[in-house]
Amino acid sequence: MKYISTRGQGQPQSFEQVLLTGLAPDGGLYVPEHLPQLSREQFSAWEGLDYPQLAFEITRLFAGDEIASDDLREIIESAYANFAHPDIAPLVELSAGEFVLELFHGPTLAFKDFALQVLGRLLDLVLKKNGRRVVILGATSGDTGSAALEGCRHSDQVDIFILHPYQRVSDVQRKQMTTVPGSNVFNLAIEGDFDDCQRLVKSAFADQSFLPQDRQLVAVNSINWARILMQTVYYFAAALRLGAPKASVSFSVPTGNFGDIYAGYLARLMGLSIDQLVVATNKNDILHRLISNNEYSVTGLTRTCSPSMDILVSSNFERYLFDLFDRNPQQLKSFMHAFGEKPLQLSPSQWQRLRSIFDSASVDDDTTCQVIADVHSRHGVLLDPHTAVGLHSARLCRKTKSVPMVTLATAHPAKFSDAISAAGLPIPDLPNHLQDLYQRSERYEVMPAQLTALTSYIADCL
Ligand SMILES: *Cc1c(COP(=O)(O)O)cnc(C)c1O
């Protein structure tokens, strides 16, 4: 399988090559040249598989023969062996046909572990094979950082630098990052907001001359294709459990950078019987405004109680737009270049196509807290604020009771205790393996939001 850039330049790349980069050199994102099409027989053959077996079957469709089957199987098994639930991604039924897919049983309590536990091991394998070392550089508004550190820290082949906005992540999120041991682990608290962190990372990727000759930067945010790939698996797993391929299933996805829901869109393109895909947003609702109103424009950032979705522009949306523009890179480029200067619109037929695949909603903080309180009292289930946004959006958008609706539960409620308190509920305990989190010692560097400060710091650490 080969991968091409959404901006149309350069040669198609291998799975290994896209694993070891971030954006394509032309500034685009990598997507598969062709998607595998799965038959009903194929789905039926997968019905009895457990989660790691299913993940193996799906991943090897995309890795081709670049990763030996035995290695791939071992990586996937060990990645999911340290999840705290035997089902890995358990489905919980709230009421008839209304489900929550719990994706927070991994080591850092958010769905990002599903991809980053595998990505860290894959990188290690490929780098060892080629006798190389790389520098992982990423910005986080909270959850990506800890999941990336947990996933990659055991590799001798990487040095990993994670930027977070100083004093703007939750205590649990900061502690989860800054208490990770290892001489190859570096946490940087940037005096600025998440967008400043992202800008710094982007600039460093654009000019990597500060690195030693034999090193390059690798991205661990959701522009990395392997992350999207690993996230397709739980759509298949959940749908198969609910009767696919015979029956259809709908999903509601708490959305920030559009990585998670894009994985669902791919599963659907591959032939999985997905009916609705609901883009659930908080007040940072650029995608909801586009889907509901054909208006694509940036507004100011709103801070919400679901901070992992506090995002102005969703980077992975470009991957979907590429398809919407019939994979025409010229059209995509002119759309992306015009964006930001003025509000954009899709043509009526493009907008209809978008709406034939995605529904959407935007949920404010008051409603989010009400949903947390209400679901807790009615069903005895404690949702985190991102999941509450997802569930409420699911209820607003669901078209028919005859198709089950699955909301992705993207984080454990203990990670977002402020929202739980605001909902009037007692703060839940951290799971066992994090009980002593507050006693662990922290290590991080506070740094101004300046590129030279960042690049010279990294160069000195290598
Ligand atoms: C990252 C994250 C999201 C958003 O996922 P995207 O792939 O960026 O759309 C939603 N909820 C939680 C808890 C997250 O950590």
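For the structure, check the block above.
This is a predicted model, so every value here is computed, not measured. (Residues numbered from 1 in each chain as written. Predicted model: local features only at pLDDT ≥ 70, side-chain atom pairs only at ≥ 80, totals over all residues. Heavy atoms only, no water.)

1. Quick look at the site of the ligand
1) Next: Around the ligand, the structure places 15 residues, and the nearest of them are K112, D143, G256, N257 and D260.
2) Next: In this structure, F258 approaches the ligand through a main-chain N or O atom, which is 3.0 Å from an oxygen atom.
3) Next: Here D260 contributes a backbone N or O atom positioned 2.9 Å from an oxygen atom of the ligand.
4) Next: Isolated, the ligand exposes 390 Å² of accessible area, and the fraction of that covered by the protein chains is 96%.
5) Next: In the shell around the ligand, the residues fall into five nonpolar, seven polar and three charged. (Near = heavy atom within 4 Å. Polar contact = N/O pair within 3.5 Å; in protein donor to acceptor, adjacent residues only side chain to side chain. Areas by Shrake-Rupley, 256 points an atom, 1.4 Å probe, with all protein chains shown as cover. Nonpolar A, V, L, I, M, F, W, Y, C, P; charged D, E, K, R; others polar.)

2. A short note on the packing of aromatic side chains
1) Next: Summed over the entire model, instances satisfying the criterion amount to 28 aromatic pairs.
2) Next: Here the aromatic rings of Y3 and F15 are separated by 6.3 Å at their centres, their planes lie at 50°, and the arrangement is tilted. Here F15 lies in helix α1 (residues 15-19) and Y3 lies in strand β1 (residues 3-5), a separation of twelve residues in the sequence. F15 shares its class with Y3; the two are buried.
3) Next: Relative to F251, the ring of Y235 has its centre 4.8 Å away and its plane inclined at 70°; by these criteria the two rings are edge-to-face. Placement of Y235 in helix α9 (residues 225-241) and of F251 in strand β9 (residues 249-254) is noted, with a sequence separation of 16 residues between them.
4) Next: Taking the relative accessible area as the measure of exposure, Y235 reaches 0% and is therefore buried.
5) Next: Taking the relative accessible area as the measure of exposure, F251 reaches 0% and is therefore buried.
6) Next: Chaining the aromatic ring pairs together yields one cluster made of F258, Y262, Y265, Y296, F317, Y320, F325, F335, F339 and F358.
7) Next: When the ring centre of F56 is taken as reference, the NZ or CZ atom of R73 above it lies at 4.1 Å. (Phe/Tyr/Trp six-rings, centres within 6.5 Å; stacked < 30°, edge-to-face > 60°. Helix = DSSP H or I, 4+ residues; strand = E, 2+ residues; numbered from the N terminus. Buried < 20%, exposed > 50% of the residue type's maximum accessible area, 1.4 Å probe, protein only. Lys NZ or Arg CZ within 6 Å of the ring centre and 35° of its normal.)

3. Some words on the nonpolar core
1) Next: In this structure, Y80 and F358 are the most contacted members of the largest nonpolar core, which totals 108 residues.
2) Next: At 13 residues, the largest contribution of residues to this core is made by α9.
3) Next: Setting aside residues no more than four positions away along its own chain, Y80 makes contact with Y51, P52, A55, I88, F114, V118 and M230.
4) Next: In this structure, A139, F186, F205 and L217 belong to the second largest nonpolar core, which totals 26 residues. (Core = buried A, V, L, I, M, F, W, Y, C linked by side-chain atoms within 4.5 Å. Contact = heavy atoms within 4.5 Å.)

4. Points about the layout of surface pockets
1) Next: By volume, the second largest pocket is sized at about 550 Å³.
2) Next: Contributions of two or more residues to the lining of the second largest pocket are made by α7 (171-178), α8 (194-206) and α17 (417-422).
3) Next: Its residues placed into classes, the lining of the second largest pocket shows ten nonpolar, five polar and eight charged. (1 Å grid on protein atoms, 1.4 Å probe; cavity = no way out; pocket = protein on both sides within 12 Å on 5 of 7 lines; lining within 4 Å. Points joined across faces, edges and corners; volume = space filled by probe spheres on them.)

Geometric values such as these leave the question of function open.
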